[in-house]
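# Chains, contacts and geometry: an overview
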Amino acid sequence: MKMNKTGATLLATLMLAATLTGCGGSGNGNKENAEGAGNGQAASAGPVDLEIAQISWGTNLPGDDFVKKELDAKLNLTITQTLVGDQADYENQMNVRAASNNLPDLFIATTKAHLQKLAESGSLLDLTPYLEKLPEYTAAAGEDVLKKGIIGDKQYALPKAGQARAYTYWIRKDWLDKLGLPKPATVDELLEVAKAFTEQDPDGNGKKDTMGLTGTNFQAFEPIFGAYGVTNIFDTTQLFVKDGKVVDTLYEPAMKEALTTIRKFLDAGVVDPELVSNKGTMAQDKAFQGKVGIINIDWAQMVKEDKVKVWKGANPKADWIQLDAPKGPDGSAYSNAVNIGMAGGLWAVPKRLEKEPEKLNKILELFNYTASADGGRLVQFGIKDTHYTLDGDKVVITDKGREEAGYTWLYQFAGREETDYLKTKFTVLATYIDFEANMPRIETLDGFVQSPAGYNAADANRFIEEEMIKFIYGKNNIENYDKFLSTLESTFKYDTYVDAAVEQLNKLGYGK
Amino acid sequence: MEQPIAVSATTKAQAHSSRLRRTMADVWKMRTLYIMLLPCLVWYFIFKYLPMYGVIISFKDYNFSDGILHSPWADPWYKYFEMFFQSPYFSQLLGNTLLISVYKLLFGMLPSILLAILFHECRISWLKRWVQTLSYMPHFLSWIVIYGISIAFLSETTGLLNRWITDMGGSAIPFLNGVEWFRSVLVSTEIWKDLGWGAIIYLAAISSIDPTLYEAAKVDGASRLRMIWHITLPGIRNVIVLLLILRIGSILDAGFEQVFVFYHQRVYEVGDIIDTWVYRTGLQQMNFSLGATVGLFKSAIGFILVFGTNKLAKRWGESIW
């Protein structure tokens, strides 16, 4: 009898446990939209069907899609957009469709690695022979942009042109005024100001509760690296051209000096102690709440209307201004690097379009048209005289344009002239946008590079970041820097990566 | 020599077939019960057994346009196992994973048992109801939310706790930033989250203990502590052992979601676990074969552990099967 009861309890418990694990186990089911392939062959006379897929980041097409209507009419098309809000979901869907040989006619590869995988698996059409049919697009994009879409020697993607050049140090002008300090122009002055912000109670509340500098991880120090003519330590910012040669920032002699200087900031106790653990907008929040006086951030996160409301609301006297990149000992000054190899929108075409020339031709037309002045304005601003008016060459956005044209970037296949576009969209902020766009910046090339086989980038990156943190927090002496490099090479095979990178970049024409 | 063997073989076969027949007869007799079991078995087959064929990608250079079956075999076949075992961080990852798991197991189970007993002993039923409901609420919060709460209390610059400490003249403690505190924070937030939830299962087990045992003990003059010791605890012993065995089976799961939300570069050395490594190395770099390999490795270890602990438990007279 006793045995039975134990058995019953066990059974009951087991069933409960099964339900529990059942609950935990579900929820990651693969979301597979039963989207039609849209492969119906159009009659040669009628409009050509094009299915286009991309990540929408939550943007939806409006019921009255005036850009689509215009494009369809102009180019004799029927465009269907397959939009997925989230990058991971999107990648999943594309991978599933690649596996079933059912890719859309034109779609975005999310990263260079994604593009590489797809190209290696033979899913993509090599577009090199078609480039000559793309005069407007190639002229607008330029060679540097086209390079981003090359894998091996083949043009597997048509990248979007245009890249934002933003980010610089922003500083609390009201704090500077209160303490009677000038705008810091060099790294040393920056350190002095940060010290004053920490110790001299710039917010006047009688408590020592302010900090000099905040940011998210090493991003906070990017202009300080720049002051020594080197770039940040991340795997997106390690390679650049110096004196006609491709160099790696970790091997630059000035790197040690840069790290020593950053350590001075940390030793002085003027940096947010949560620098490394700040996530998302935590650093920005601290700045907006009036706890920190200097932050490396871009105008879009600082002076757009909704942002100003937040920090003015927390402190009506607050006044954030932009700083020029601080100068180093030899006068170098660079703000955040621009990763010109970064894959911002790589448009790829599936291999099967080889046999469907009418579709392929329409895609080429679409790129040429959106790269032209007329088409460019259509996909950036909307319909002329409805959403914008032309004043000579200058575009003036109407109220209706501001309201309705928020989604049109989904049609910017050829990309856009970033700074002009932003200045037109955010007219009031033009000076801020220009300030950051004109800041000197090193152009990094990491985005062009494909890792060699056997190199584990994740492990190497972890080692680099951890060791760098040790150097700047004083847990490891900078004299051991060469030992760090040799471990990086022997244990993590970083040398194979650098060799491969230099070779690949030379081939693309960077540094010979 | 041959004769006896043949004879014993036939008798064995006969015995075997008669046993089979008996089993079939039993099944037929209980057919309604087995039919009720069927959907569950089908569910397990479709969702747990069928996907197992995907395990073969850990021996292949998986390539999504070729699919699982047509991707080329890895050369050598243990390529991805080697990649995992030879990562410079392998021993550290394993150590972190085991430590965090064992801490969670040790410090997570006892409080839940204790809480269940307290609920059981509580005589004010409305209080018991309320506290019980409140205690398992945190289980439904996501780790992101709990991280937010932890920041609000424990942050070095803005946290409530640290503000008290500094106001009283102490210096702020880097609960979330420091190597020293990181695992403690992981374990304690986990306990906070799942304390009440974990107690439910024990409470269910306790409530199935025959009440006449308590009555008899009361008649014999046993105090409440005595009753807990001699009736409640032995009554739920099998459940405790069961849960222990199940949890030991998943000892290489130290809680990906939680660690992923909480960790950052400064605490990698104490907080980086196998699953977060797989995320960075396997998923972020689209190395799905590697991810599958590590999953297979973890399952194999888990299987051995469940099997082993069950054997051990059998010696004490408790076991799952």
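Since the structure is predicted, the reported quantities are computational estimates derived from the model, not experimental observations.

Okay, the overall build of chain B next. Helices and strands together make up the secondary structure of chain B, namely 16 helices and zero strands. Projected onto its principal axes, the C-alpha coordinates of chain B cover approximately 95 × 70 × 40 Å. Out of the 321 residues belonging to chain B, those deemed buried represent 37%. Considering only contacts in chain B between residues 6 or more positions apart, those separated by 24 or more positions represent 62%. When the accessible surface of chain B is split by element, carbon and sulfur atoms take 69% of a total near 19000 Å². When the 27 basic and 21 acidic side-chain charges of chain B are each reduced to a single mean position, those positions are 10 Å apart.

UniProt records the feature "domain: ABC transmembrane type-1" (unreviewed entry) for residues 94–309 of chain B in the present numbering. Secondary structure content for residues 94–309 of chain B is 75% helix and 0% strand, and the end C-alpha separation is 20 Å.

What follows deals with the domain arrangement of chain A. All names here are of chain A. When cut into domains, chain A gives domain 1 (48–163 + 343–413) and domain 2 (168–339 + 447–507). Between domain 1 and domain 2, the C-alpha centre-to-centre distance is 35 Å. Counting residues at the interface gives 10 residues for domain 1, matched by six residues for domain 2. Summing both partners gives a buried area of about 540 Å² for domain 1 against domain 2, and 49% of it is carried by carbon and sulfur. Three residues stand out in domain 1 for area buried against domain 2, namely K112, Q116 and Q163, and they jointly supply 60% of the buried area on that side. At the boundary of domain 1 with domain 2, the tally comes to zero salt bridges. Viewed at the interface, domain 2 and domain 1 are joined by zero residue pairs in polar contact (both at pLDDT 80 or more). Listed by contribution, the elements that provide at least two residues to the side of domain 1 that touches domain 2 are helix 4 (112–120), helix 5 (135–147) and strand 4 (150–151). Looking at the side of domain 1 that touches domain 2 residue by residue, the class counts come to two nonpolar, three polar and five charged.

B:D75 connects to B:P76 through a cis peptide bond whose omega is -10°. Mapped onto the elements of the fold, B:P76 is located in the loop between helix 3 (67–70) and helix 4 (79–85). Its identity as a non-glycine residue notwithstanding, A:D201 has a phi of 50°, on the positive side. Of note, A:D201 is situated in the loop between helix 7 (187–199) and strand 8 (211–214).

Within a regular beta strand, the side chains point alternately toward one face of the sheet and then the other, so they alternate between its two faces. All names here are of chain A. In the sheet, strand 9 (residues 239–242) pairs with strand 10 (residues 245–248) via four bridges, with the strands oriented antiparallel. Pairing of V241 across the sheet is with V246, part of strand 10. The antiparallel hairpin formed by strand 9 and strand 10 contains two residues in its connecting segment, where D243 sits at a positive phi of about 50°.

Turning our attention to the environment of B:L195. You can see B:L195 is positioned in helix 9 (residues 182–207). Apart from residues no more than four positions distant in its own chain, B:L195 is found in contact with B:P111, B:S112 and B:L115.

Moving on, we come to the sheet that holds strand 7 (residues 168–172) of chain A. Residues and elements named next belong to chain A. The strand order across the open sheet built from four strands is 8-11-7-12, with neighbouring strands paired in mixed fashion. Lying at the two open borders of the sheet, with one neighbouring strand each, are strand 8 and strand 12 (320–322). For this sheet, the mean inter-axis angle between neighbouring strands, taken without regard to orientation, is 20°. Across three bridges, strand 7 lies against strand 12 in antiparallel orientation. When the sheet's bridge partners are listed, W170 is paired in strand 12 with Q322. Contacts from helix 17 (residues 430–437) reach strand 7, strand 11 (292–297) and strand 12 within the one sheet, and its direction differs from that of strand 7 by about 130°.

Time to look at the side chain of B:T189. For B:T189, the position within the fold is in helix 9. Among the polar contacts made by the side chain of B:T189, one reaches the side chain of B:Q258 at a distance of 3.0 Å.

The next point concerns the confidence of the model for chain A. For chain A, per-residue confidence averages 83 on the pLDDT scale, and residues scoring 70 or more make up 91% of the total. In this model, residues 1–43 of chain A is a region of pLDDT below 50 whose contacts with residues beyond four sequence positions or in other chains number 40 contacts.

This part is about the UniProt feature "transmembrane region" (unreviewed entry) in chain B. All names here are of chain B. Per the UniProt record, "transmembrane region" (unreviewed entry) is found at residues 32–50, 98–119, 140–161, 195–214, 235–256 and 288–307. End C-alpha atoms of residues 98–119 are separated by 31 Å, and the span's content is 100% helix alongside 0% strand. With 64% helix and 0% strand, the stretch residues 140–161 has end C-alpha atoms that lie 24 Å from each other.

Going through the model one piece at a time under the given rule, you end up with 28 salt bridges over all chains. One salt bridge in this structure joins A:D272 and A:K286, with 2.8 Å as the shortest N-O distance. With A:D272 in the loop between helix 9 (254–267) and helix 10 (282–288) and A:K286 in helix 10, this pair connects stretches of sequence that are 14 residues apart. Here A:K286 falls in the buried class, since its relative accessible area comes to 4%. Two residues, B:E121 and B:R224, come together in a salt bridge whose shortest N-O distance is 3.0 Å. Here B:R224 lies in helix 11 (residues 224–235) and B:E121 lies in helix 5 (residues 90–121), a separation of 103 residues in the sequence. Take B:E121: its relative accessible area is 13%, and that puts it in the buried class. You can call B:R224 partly exposed: its relative accessible area is 40%. Taken together, the salt bridges that share partners define one network made up of A:D105, A:R352, A:E356 and A:K359.

Quick notes on the rules
- Residues numbered from 1 in each chain as written.
- Chains lettered and ligands numbered in written order.
- Predicted model: local features only at pLDDT ≥ 70, side-chain atom pairs only at ≥ 80, totals over all residues.
- Heavy atoms only, no water.
- Helix = DSSP H or I, 4+ residues; strand = E, 2+ residues; numbered from the N terminus.
- Buried < 20%, exposed > 50% of the residue type's maximum accessible area, 1.4 Å probe, protein only.
- Contact = heavy atoms within 4.5 Å.
- Areas by Shrake-Rupley, 256 points an atom, 1.4 Å probe, with all protein chains shown as cover.
- Lys, Arg positive; Asp, Glu negative; His and termini not counted.
- Charge placed at Lys NZ, Arg CZ, Asp CG, Glu CD.
- UniProt positions renumbered as here; feature names shortened; annotations may be inferred.
- Domains from an automatic or database assignment.
- Buried area = accessible area lost by both parts, 1.4 Å probe.
- Salt bridge = Lys/Arg side-chain N within 4 Å of Asp/Glu carboxyl O.
- Polar contact = N/O pair within 3.5 Å; in protein donor to acceptor, adjacent residues only side chain to side chain.
- Nonpolar A, V, L, I, M, F, W, Y, C, P; charged D, E, K, R; others polar.
- Pairing = 2+ DSSP bridges.
- Axes fitted to C-alpha atoms, helices over the stretch in contact; angles between N-to-C directions.
- pLDDT = per-residue confidence, 0-100.

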